[in-house]
Amino acid sequence: MKSPGVRTSDNPDTNKTNDASQVSPQHVALILGVGIFLALFSDTAMYIVLPVNMEKAGILLGQVGLMLAANRLVRIPLNGPGGLLIERLPRRRVLLAAQLIGVVSSLCYLLAGFWPLLIGRMLWGVSWVGLWIAGSAALLDVAPAESRGVLSGRFHLWIFAGFAGGSLVGGLLNDWLGYDGTFFVCALLGLLAWLLWLWKLPETSSRVQATPSRETTDRPADDTWHVRWLPLITAMLLMALNWMVYLGFISTTLTLLLMEKVGESLKVGSLLLPLTTLSGAAFASKHVLSMVASPLTGKISDRLGDRWRMIVFSLLLGSATLVLAAGAEGLLVIAGILPGAITNSILQTQSTALVGDLVPSRRRPRVLGWFTTVADSGSALGPLLAYAFISNGWSISSILLLAAALLALMAPWTAWIAFRERRAPAFA
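The shown structure was predicted, so the numbers you read here are calculated from the model rather than taken from an experiment. (Residues numbered from 1 in each chain as written. Predicted model: local features only at pLDDT ≥ 70, side-chain atom pairs only at ≥ 80, totals over all residues. Heavy atoms only, no water.)

Engineer: Describe in detail the overall build of the protein, supporting the description with residues and values.
Structural biologist: Helix and strand content of the protein: 16 helices and two strands. Looking at the protein alone, contacts between residues at least 24 apart form 86% of all its contacts between residues at least 6 apart. Entry remark: accessible area of the protein is about 16,800 Å², with carbon and sulfur atoms responsible for 68%. (Helix = DSSP H or I, 4+ residues; strand = E, 2+ residues; numbered from the N terminus. Contact = heavy atoms within 4.5 Å. Areas by Shrake-Rupley, 256 points an atom, 1.4 Å probe, with all protein chains shown as cover.)

So, in structure tokens, the structure goes:
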């Protein structure tokens, strides 16, 4: 029975738009997060599985870095146009299409050879443009200014859960089902995510116009840009550094680092852990810590009204823990790597929230596109540099020390931005 005074439509996207006004921001963050959680299994498993399955995948050692960076390289020219396009399209349609492209990319991994694998990695890059930009835009559509940090934290909790689940499950599936079986299961998980969103995901873009806020009422009607560009550019650079270090350097070399420090397997009591299972467990533990830190630090930043002080703290913590990991031996290297998950979590969560703080609502998708282009440049450069350094005789410890130095060098500039922003207006 139709409710009086409510206009209905046979268009499913329109109906979902109506649904969006009846669901809470927490519900939207949950549905978005679970869908991206399932989609991430395939990509995250690739970092664990590919370095020890080069022959089955049909590639050489020198091509591993390219394959792990290809999805990011293809995103660099696509993020900007993608953000502009997403600004004009319903978020729900973009997200559903992105999920299907991700499923196709997983199926490409089942075809051994350089070109099928490269095409699959590039398709995943296209998929992630939609998932990341449209997903972040949808979250910011519904997130009120006073709880933007904690909602961003909850959304990223599921992203880190995807990293953890893909790492752990990828390692276990590889040891149980082999390379092909691993990515077939991952394709099924991506399909499950698509079905979940088809059923439950509301359209959020109408909330930008429908929900009045201090952010919209304080700005002129012509939607003139009032952006503090220096902190926004700093946030972009922080995200690029974050992804270069934690997604580029560490994620793509951790398996090789453990091979160097531990060997092909580790005996724990009567249990013998193969390298890929151990590596997957290390990845999973790191991302579980990020899951815990993400909503917690987001809530703290909302209460403080200052995201920058948390970012400065995270840079110092990350630099110190990478120095510790570089000098560690055996399993102690994992103890050194794990606290860096807090740095990764803070930088990713707070940088996304800063887009909401600093950019008018209607312009956020395009700025997220620019933002992600800069970040992807860092994440694409990371594995290329890491494997180039390794090919030229660098140890993994030397790469970790380089990463520590980069984080430390960024801290003074960010501290100055923190001081400068304390005298700027409060969050928009």
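Continuing now.
Engineer: Can you lay out the packing of aromatic side chains for me, pointing to particular residues and giving the numbers?
Structural biologist: On inspection of all chains with the given rule, the structure shows ten aromatic pairs. An angle of 10 degrees between the planes, with centres 4.1 Å apart, marks the rings of Phe389 and Trp394 as stacked. The partly exposed category is assigned to Trp394, whose relative accessible area is 35%. Seen in terms of ring centroids, Trp413 and Trp416 are 5.3 Å apart; in terms of plane orientation they differ by 45 degrees. Their pairing is tilted. Highlighted residues: Trp413 and Trp416, both in helix H16 (residues 396-421), separated by three residues, approximately one helical turn. (Phe/Tyr/Trp six-rings, centres within 6.5 Å; stacked < 30°, edge-to-face > 60°. Buried < 20%, exposed > 50% of the residue type's maximum accessible area, 1.4 Å probe, protein only.)

Engineer: Just give me the short version of helix H14 (residues 340-358), but keep the residues and values in it.
Structural biologist: In an α-helix there are 3.6 residues to a turn, and that puts residues three or four apart on one side. For H14, spanning 19 residues, the distance from its first C-alpha to its last is 27 Å, which sits close to the expected 27 Å at 1.5 Å a residue. Among the 19 residues that make up H14, 18 are buried, leaving the element largely enclosed by the rest of the structure. (Expected span 1.5 Å × (residues − 1).)

Engineer: Tell me about the nonpolar core, and please be specific about residues and values.
Structural biologist: Counting 109 residues, the largest nonpolar core has Leu32, Leu50, Leu117, Trp197 and Leu322 as the members making the most contacts within it. Once you skip the residues sitting within four places of it in the chain, Leu117 turns out to touch Met46, Leu50, Ala57, Ile59, Met67, Tyr109, Leu111 and Tyr179. (Core = buried A, V, L, I, M, F, W, Y, C linked by side-chain atoms within 4.5 Å.)

Engineer: Let's hear about empty space enclosed by the protein: which residues, and what values?
Structural biologist: For the structure shown, the criterion picks out two cavities of 30 Å³ or more. Within this model, the largest cavity holds a volume of roughly 210 Å³. Lining the largest cavity we find 19 residues, and of these Asp43, Tyr47, Arg72, Phe163 and Leu247 sit closest to its centre. Taken together, the elements giving at least two residues each to the lining of the largest cavity come down to helix H2 (25-49), helix H4 (64-88), helix H6 (114-142), helix H7 (148-200), helix H10 (229-261) and helix H11 (275-304). Counting residues per element, the lining of the largest cavity draws most heavily on H2, at four residues. For the lining of the largest cavity, the per-class residue count stands at ten nonpolar, six polar and three charged. Taken as a whole, the second largest cavity spans an internal volume of roughly 50 Å³. Forming the boundary of the second largest cavity are Leu38, Ala39, Ser42, Gln99, Gly102, Val103, Ser106, Cys186 and Gly190. Among the elements of the structure, H2, helix H5 (91-108) and H7 are those that each provide at least two residues to the lining of the second largest cavity. (1 Å grid on protein atoms, 1.4 Å probe; cavity = no way out; pocket = protein on both sides within 12 Å on 5 of 7 lines; lining within 4 Å. Points joined across faces, edges and corners; volume = space filled by probe spheres on them. Nonpolar A, V, L, I, M, F, W, Y, C, P; charged D, E, K, R; others polar.)

Engineer: I'd love a proper account of a nonpolar patch on the surface, names of residues and values included.
Structural biologist: A contiguous nonpolar surface patch, about 590 Å² in accessible area, is contributed by Leu100, Leu107, Phe184, Leu188, Leu191, Leu195 and Leu198. At the level of secondary structure, the elements contributing two or more residues to the nonpolar patch comprise H5 and H7. The biggest single contributor to the nonpolar patch is H7, with five residues. Structurally, the position occupied by Phe184 is in helix H7. Residue classification places Phe184 among the partly exposed residues on the basis of a relative accessible area of 45%. (Patch = residues over 30% accessible without salt bridge, like charges linked within 9 Å, V, L, I, M, F, W, Y side chains within 5 Å. Salt bridge = Lys/Arg side-chain N within 4 Å of Asp/Glu carboxyl O.)

Engineer: Before we move on, can you summarise H4 with the specific residues and values?
Structural biologist: Taking 1.5 Å per residue as the helical rise, H4 with its 25 residues ought to reach 36 Å, and the 37 Å between its terminal C-alpha atoms agrees with that figure. Maximal helix bending in H4 amounts to about 50 degrees, located at Leu78; proline Pro81 follows within four positions. (Bend = angle between axes of the 7 residues up to and from the residue.)

Engineer: Describe in detail the pattern of salt bridges, supporting the description with residues and values.
Structural biologist: Within this structure, the stated rule accounts for nine salt bridges. Among the ionic pairs, Arg366 bridges to Glu87, the shortest N-O distance being 2.5 Å. Of the two residues, Arg366 sits in helix H15 (residues 364-391) while Glu87 sits in helix H4, which places them 279 residues apart along the sequence. A residue is classified by how much of its surface remains accessible, and Arg366, at 16% relative accessible area, is buried. Residue Glu87 is classed as buried on the basis of its relative accessible area, which comes to 17%.

Engineer: Break down the packing of H6 against H15 for me, citing the residues and quoting the values.
Structural biologist: With their axes 9 Å apart at the nearest point, H6 and H15 run at an angle of 135 degrees to one another. Here H15 runs oblique to H6, going by the angle between their axes. Judged by the twist between their axes, the crossing of H6 over H15 is right-handed. In this structure, H6 contributes Trp132, Ile133, Ser136, Ala137 and Leu140 to the contact, and H15 contributes Arg364, Pro365, Leu368, Gly369 and Thr372. Of the residues that constitute the contact of H6 with H15, the class distribution is six nonpolar, three polar and one charged. (Axes fitted to C-alpha atoms, helices over the stretch in contact; angles between N-to-C directions. Parallel < 35°, antiparallel > 145°, perpendicular 65-115°, else oblique. Left-handed = near helix turned anticlockwise from the far one by under 90°.)

Engineer: I'd love a proper account of the environment of Gly33, names of residues and values included.
Structural biologist: Following the sequence through the fold, Gly33 ends up in helix H2. Accessibility expressed as a relative area gives 0% for Gly33, which makes it buried. Distance in space between the C-alpha atoms of Gly33 and Phe160 is 9.7 Å, their sequence separation being 127 residues. Residue contacts for Gly33: discarding those within four places in its chain leaves Phe155 and Trp158.

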